[in-house]
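Report on the structure
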Amino acid sequence: MPDIIRLLPDSVANQIAAGEVIQRPASAVKELMENSIDAGATKIQLIVKDAGRTLLQIVDNGKGMSETDARISFERHATSKIRNAGDLFDLHTMGFRGEALASIAAVAQVEMKTRREEDSSGTEIRMEGSKFISQEDCAVPAGTSFSVKNLFYNVPARRNFLKSEAVEFRHIVEEFERIAFAHPGTAFSLHHNNSELFNLLPGHGDFRAQLRQRIVALYGNPYNQRLVPVEESTPILSVSGFIGKPEFAKRSRGEQFFFLNKRFIRNSYLHHAVQSAFEQLLPKDAFACYFLFLEVDPKSIDVNIHPTKTEVKFEDERSVYAILRSAVKRALGQYNISPTLDFEQEMSMQVPAKNNAALVAPTIKVNPGYNPFAEQKKFSGENPLPVPGKFSGDWQQMFDQRIAKNEPGQKILHSEMDAPVEHPSSSQIWQLHERYILTPIRSGILVIDQQRAHERVLYERFLRAMKNANSSSQRLLFPETMEIPAADAVLISGLLGEINSCGFDVQHFGANTFVVNGIPAGLEEKSAALVLEKMIGEFRENEQELRLHPQESIARSLAKQAAVKQGRILSPEEMRALADELFACETPAYAPDGKPAFINFPIEEIDKRFKR
Ligand code: ADP
Ligand code: MG
C-alpha cells in the first residue's frame, strides 16, 4: 500500500488559516488597520464599498516596505515583529503572527502599493486567492495602500454567510471605533460608498485629553458632560480613561471598552469589577459606560490564547480586579462629592461663545432629588392602558371558539385545559398581587399574567401595523434630537423603514444625529430616545442569538417596553379589555418570548387538592 499522507498546498493551508483570522470584512479591517498602527502611521484612511463585499481599502502614511519585504509579507508566518519565541512575551505591537496578509490574500483579490520614505519608487503587488499575479514599480506617496477586492470571492460558503449590509458595516464601524479610541493621537477617516462618515483629527494635549476629544468626535457632543476621569497607577497595573456618569448609563450594552496595552479586549471578569464599583449608583438593568486603558507589563499577560486576540489571560487576575474596582470607586466618589465640578471639559468642542458675550464656565445641572432606585409605581387612571375603548366582554366566547375552531392557538389551549370551556355565568374579574388577572370560567379559573398578556397583544398589533403600514403615530410636541454612537447609527439608519412603519417618525440628520418627531401611539412620550436605544440594543442581541426577522425584533422590543408591568394596578375594565384582546390574538397562550401568558386551573384540580 502506498503512503497516503501529503502536505497541504500553501493556498489550501492559507485558506484554512483565513477561516480563523478573517471571518468577515470587519476582521480584515482590524488586521490591516493594526498593521498601519504598527507601521507608525499618523494618518489612516479606511475606504469601504458595499460593507466590504466589493472593496476595503486602507491607506496609511507609515514606514512602508522595501521591495523584498513587500513580496515576502504575503508569506505565511512572515512577520517583522518577533524573531524568537521569547519575543512573544514582550510584545509591543498589535501583530505578531504573520498570518493576516497571507490569510487575506488567500480569500480575496489584493493590491498593495507601498513605499519607504527613503526609496525613490514604490512597489505594487497583486495577489489573488494566494496566487502571485504581478509585481511592478510604481509611484506612490510614502506609506502603504492596501486594497481588498471581492472578499471571499473564492469561498462561496463564506460569502453567502455574510449578513446584511447594515450588519456587516456595523461590525466594520465597531472595529474602526475600537482602533480610533485606542489611538486618539492618530488621524482616521472612514468613507462608505463615497460618503464620508468620519474624519477624526489627531487629538491634542495629554492622553486623557486626546481620548476625551476622540470620544466626543465619535459619540457626539453630549458625551462631553457625561465623562468622569479615572486615573490610578500601581506597580502591577495602571488605569487611565473615563467612566460614564451613572445617570447616563444605558439599558443596553455597547459602550464598554477595555484596552489592554492599547489593544481592545473583552473580559467579563473585569467588566464585573467596574460594574460592581458602581454598586447601587446604577439604575436597575443599566450598564456602566467606560473607556478604560489598562497598562501592564506585557510579560504578565498571555495574548496568544485567542486567534483574534480580544481575549487575554492575566497572571494576577485578582489584583487587577481589585485595583480596577477601587480606581473606579474612587473616581465615582470624587464625582459624587462634587458633581457640579466639570472635569476638564473639552473646551474646543463647545459651541463658540459670541464675540462680545462673556465666557461662562460650563456647568452640569444636577437634580439633587434624583434617586435612581425610586421605583415608579403607576396607578390606573393616571396613565391608562393603551387598549381600545371597545370592551365587548365576549372574550370568553372568542376563547371558546378558539377551542372549537382549528386555529393556531388550539393545540396549546388543549394542553392547557382538558375540559371544554363554556361561558362563565358571571363577569367577575380580580387582580392578584398586582400581577395576575383571575377570572372564573365554567371549567375552573383562568390566571392571566398581565404583563405577558399585554406584550402578546402589543406584539401582534405592532407586527400587523408594520405589515399593513397603517400604524398610528403620535407627534411629539418637542421633537427629540438623539446623538447615537456611530455603530448604532448605522444600524438605525438601516432599519429606519421598519422603525417608522410601526409608528415612529424618525429622521436621519447626518452622521450620528437623529430627530424623533413622533412615536407609536400608546408609548409614553417622555421615553422616545430610551425606547429606541433599548430597541437597538435588543436588536443587536436578537440578531446575534435568535436570528429574528428585523420586524419581529422591533415588535418584540416595543411590546416589551410598552406593556404594563407587574405592580401596576388595573381597573376591572382594563382587565376585561386586556383579556378580550389577548384572546383575539393569533397565539394567545404565549408571550412573544415563548413563556406562558395564562394558565387554567381546572375545577377538578382544585377539588383534588381539597381531597374531595
Ligand atoms: P504581523 O502583523 O503579525 O507581523 P501581517 O501578515 O499582518 O503579520 O503582516 C506581515 C508583515 O508585513 C508585518 O510584520 C510588517 O512587517 C509588514 N506590513 C504589513 N502591513 C504593513 C503596513 N501597512 N506598513 C508597513 N509594513 C506592513
Ligand atoms: Mg498584522
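Provided above is the structure to which this section pertains.
This one's a predicted model, so the numbers in the text were calculated from it and none came from an experiment.

Contacts to ligand 1 come from 18 residues, most closely from Thr79, Ser80, Lys81, Phe96 and Gly98. Between ligand 1 and the protein, one listed contact pairs an oxygen atom with a side-chain N or O atom of Ser80 at 2.5 Å. With the chains in place, 93% of the 530 Å² that ligand 1 exposes on its own is no longer accessible. Its residues placed into classes, the shell around ligand 1 shows six nonpolar, eight polar and four charged.

With that settled, the discussion passes to the pattern of salt bridges. Should the charged atoms of two oppositely charged side chains come close, the side chains can pair. Considering all chains together, one arrives at 21 salt bridges under this definition. Notably, a salt bridge pairs Asp449 with Arg452, separated by 3.8 Å at the nearest N-O pair. When its relative accessible area of 9% is taken as the criterion, Asp449 is described as buried. Glu574 is the salt-bridge partner of Arg568, the closest N and O atoms lying 4.0 Å from each other.

Next up on the list: helix α8 (residues 268–278). Listed in full, the buried residues belonging to α8 are Leu270, His271, Ala273, Val274, Ser276, Ala277 and Phe278. The opening residue of α8 is Asn267, an N-cap whose side-chain oxygen sits 3.0 Å from the backbone nitrogen of Tyr269. A positive phi of about 40° marks Glu279, the residue just after α8.

Spatial strand order, β19-β21-β20: three strands in an open sheet with antiparallel pairing. Two strands lie at the open edges of the sheet, namely β19 (473–483) and β20 (505–508), each paired on one side alone. Strand-to-strand twist of the sheet, defined as the mean angle between neighbouring strand axes without regard to direction, takes the value 15°. Where β19 meets strand β21 (residues 513–520), seven bridges bridge the pair, whose relative direction is antiparallel. Each residue of the ladder has a partner; that of Thr481, found in β21, is Val515.

Time to look at the environment of Asp50. Tracing the sequence through the fold places Asp50 in the loop between β1 (43–49) and β2 (55–60). Given a relative accessible area of 29%, Asp50 falls into the partly exposed group. Residues Asp50 and Glu165, spaced 115 residues apart in sequence, show a C-alpha to C-alpha distance of 6.6 Å.

Moving on: the pairing of strand β7 (residues 187–192). Extensive coverage of β7 is indicated by the burial of five of its six residues. Note: β1 against β7, six bridges, orientation parallel. Counterpart to Gln45 in the pairing with β7 is Ser189. Pairing geometry for β7 and strand β8 (residues 195–200), over five bridges, is antiparallel.

Looking now at the sheet that holds strand β12 (residues 263–265). Overall, mixed pairing links the five strands, which are arranged β9-β10-β13-β11-β12 in an open sheet. Of all the strands in the sheet, just β9 (227–233) and β12 have a single pairing partner and so form its edges. Neighbour-to-neighbour, the strand axes of this sheet turn through a mean angle of 20°, independent of strand direction. One ladder, built from six bridges, connects strand β10 (residues 238–244) with strand β13 (residues 290–295); its direction is antiparallel. When the sheet's bridge partners are listed, Ser240 is paired in β13 with Phe293. Against the sheet, helix α6 (residues 165–182) makes contact with β11 (256–260), β12 and β13, and its axis sits at roughly 55° relative to β11, the strand it touches most.

With that settled, consider a nonpolar patch on the surface. On the surface, Met1, Ile4 and Ile5 cluster together into a nonpolar patch covering about 500 Å² of accessible area. Relative to the helices and strands, Met1 resides in the segment before α1 (10–21).

Most of strand β4 (residues 122–128) sits inside the fold, with five of its seven residues counted as buried. Pairing of strand β3 (residues 109–115) with β4 involves six bridges; the strand directions are antiparallel. Counted as the bridge partner of Lys113 is Glu124 from β4. Here β3 hands over to β4 after six residues, the two strands then running antiparallel side by side. Judged from the seven bridges that link them, β4 and strand β5 (residues 131–138) form a sheet pairing that is antiparallel. Looking at the pairing, Met127 lines up with Phe132 of β5. From the end of β4 to the start of β5, which pair antiparallel, there are two residues, and Gly129 there has a positive phi angle of about 50°.

Two elements in contact, α6 and helix α13 (residues 486–501), have axes whose closest approach is 8 Å; the angle formed by their N-to-C orientations is 165°. When the axis of α6 is compared with that of α13, the two are roughly antiparallel. Judged by the twist between their axes, the crossing of α6 over α13 is right-handed. Contacts from Ala166, Phe169, Arg170, Val173, Glu174 and Glu177 in α6 reach Ala486, Ala487, Val490, Leu491 and Gly494 in α13. Considered class by class, the residues forming the contact of α6 with α13 number seven nonpolar, one polar and three charged.

Okay, the packing of aromatic side chains next. The full count for this structure, using the stated rule, is 17 aromatic pairs. With 4.8 Å between their ring centres and 75° between their planes, Phe207 and Phe293 make a pair best called edge-to-face. You can see Phe207 sitting in helix α7 (residues 207–219) and its partner Phe293 sitting in strand β13, a full 86 residues away along the chain. Of the aromatic side chains, those joined through ring pairs into one cluster are Phe181, Phe207, Tyr219, Tyr223, Phe257, Phe259, Phe264, Phe291 and Phe293. Above the face of the Phe264 ring, Arg178 is positioned so that its terminal group lies 4.0 Å from the ring centre. In this structure, Arg226 packs its charged tip against the face of Tyr223, placed 4.7 Å from the ring centre.

What counts, and at which threshold
- Residues numbered from 1 in each chain as written.
- Chains lettered and ligands numbered in written order.
- Predicted model: local features only at pLDDT ≥ 70, side-chain atom pairs only at ≥ 80, totals over all residues.
- Heavy atoms only, no water.
- Near = heavy atom within 4 Å.
- Polar contact = N/O pair within 3.5 Å; in protein donor to acceptor, adjacent residues only side chain to side chain.
- Areas by Shrake-Rupley, 256 points an atom, 1.4 Å probe, with all protein chains shown as cover.
- Nonpolar A, V, L, I, M, F, W, Y, C, P; charged D, E, K, R; others polar.
- Salt bridge = Lys/Arg side-chain N within 4 Å of Asp/Glu carboxyl O.
- Buried < 20%, exposed > 50% of the residue type's maximum accessible area, 1.4 Å probe, protein only.
- Helix = DSSP H or I, 4+ residues; strand = E, 2+ residues; numbered from the N terminus.
- Pairing = 2+ DSSP bridges.
- Axes fitted to C-alpha atoms, helices over the stretch in contact; angles between N-to-C directions.
- Contact = heavy atoms within 4.5 Å.
- Patch = residues over 30% accessible without salt bridge, like charges linked within 9 Å, V, L, I, M, F, W, Y side chains within 5 Å.
- Parallel < 35°, antiparallel > 145°, perpendicular 65-115°, else oblique.
- Left-handed = near helix turned anticlockwise from the far one by under 90°.
- Phe/Tyr/Trp six-rings, centres within 6.5 Å; stacked < 30°, edge-to-face > 60°.
- Lys NZ or Arg CZ within 6 Å of the ring centre and 35° of its normal.

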